[in-house]
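One letter stands for each residue in the lines below.
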Amino acid sequence: MSNGTGANPIEAQQGGELAETLAQAMAGIADMYDFLLDEARAKTKNTDASNGFNVFKNLTYQSFIDVQTHGIQISNNIQSGAGSIAETDWKNSEDFSQAWNGHRDINF
């Protein structure tokens, strides 16, 4: 995008698609985290370490759920914004195309 005002809906949509790809890659991260901590806890012979894995999991698991959710929300928001930009441009295109009718001395 340029340093000026405005937005390119195609670039915005592409950004949303990249965010969607990232969100899809993060899908299941909480389940994998849960599985890995349970495996680590099960393999430890030390009760304190086992309890530590449980405490750590309880403190951090929701963060992995949040990461998954935020990834999906970001993707949806970027794509929605791109759609809104394109819709606004389309709705206003006729008004702007007729703005120069009275100014024949301006050449584009």
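Check the entry above for the structure.
Remember, predicted model here, so these are calculated numbers, not experimental data. For every chain, the first residue of the written sequence is number 1, and numbering continues from 1 onward in sequence order. Confidence filtering applies because this is a predicted model: local features only for residues at pLDDT of at least 70, side-chain atom pairs given and counted only at 80 or more, and all residues used for totals across whole chains, interfaces and linings. The basis for every side-chain value is the complete set of non-hydrogen atoms in the structure, without hydrogens or water.

Draft legend 1. Structural context of the overall build of the protein. By the criteria applied, helices consist of DSSP H or I runs no shorter than four residues and strands consist of E runs no shorter than two, each listed in order from the N terminus. Helix and strand content of the protein: three helices and zero strands. Reading the protein from its N terminus to its C terminus gives the helix and strand order α-α-α. Looking at the protein as a whole, 14% of its 108 residues qualify as buried. Contact between two residues is taken to exist if any of their heavy atoms lie within 4.5 Å; hydrogens are not considered. Of the contacts formed within the protein by residues at least 6 apart in sequence, a portion of 70% connects residues at least 24 apart. Only protein chains enter the accessibility calculation, which uses a 1.4 Å probe; a residue whose area is less than 20% of its type maximum is buried, one above 50% is exposed, and one in between is partly exposed.

Draft legend 2. Seen up close, the pattern of salt bridges. Here a salt bridge means any side-chain nitrogen of Lys or Arg lying within 4 Å of a carboxyl oxygen belonging to Asp or Glu. For the structure on display, the rule yields three salt bridges. With a shortest N-O distance of 2.4 Å, D34 and K57 are connected by a salt bridge. Remark: K57 occurs in helix α3 (residues 47-97) and D34 occurs in helix α2 (residues 29-43); sequence separation between them is 23 residues. Judged by its relative accessible area of 21%, D34 falls in the partly exposed class. Here K57 and D38 are joined by a salt bridge, their closest N and O atoms 2.9 Å apart. Of the two residues, K57 sits in helix α3 while D38 sits in helix α2, which places them 19 residues apart along the sequence. Judged by relative accessible area, D38 falls into the partly exposed class, the value being 25%. One network of salt bridges, with partners in common, ties together D34, D38 and K57.

Draft legend 3. Quick peek at α2. By this rule, a helix spans an expected 1.5 Å times one less than how many residues it contains. For α2, which comprises 15 residues, the first-to-last C-alpha distance of 21 Å matches the rise-based estimate of 21 Å (1.5 Å per residue) to within 8%. Taken residue by residue, α2 has A30, Y33 and L37 as its buried positions. For α2, the angular spread of buried residues about the axis comes to 60°, placing them on one side. Away from its buried face by more than 90 degrees, α2 exposes D31, A42 and K43. Summarising the geometry, the arc corresponds to the directions from the helix axis toward the C-beta atoms.

Draft legend 4. Examining the environment of A19 more closely. With respect to the helices and strands, the residue A19 is situated in helix α1 (residues 9-26). In this structure, the C-alpha to C-alpha distance between A19 and S75, residues 56 residues apart in sequence, is 4.8 Å. What A19 contacts, discounting residues up to four positions off in sequence, is G71, I74, S75 and I78.

Draft legend 5. Representation of the packing of aromatic side chains within the structure. Only rings of Phe, Tyr and Trp enter the pairing, Trp through its six-membered ring, and a pair is recorded when the two centres are within 6.5 Å. The plane angle decides the type: under 30 degrees is stacked, over 60 is edge-to-face, the rest tilted. Tallied over the entire structure, the rule returns one aromatic pair. Residues Y33 and F64 carry aromatic rings whose centres are separated by 3.9 Å and whose planes lie at 20° to one another, so their mutual orientation is stacked. On the criterion of sequence distance, the pair formed by Y33 in helix α2 and F64 in helix α3 is long-range, its members being 31 residues apart. You can call Y33 buried: its relative accessible area is 12%.

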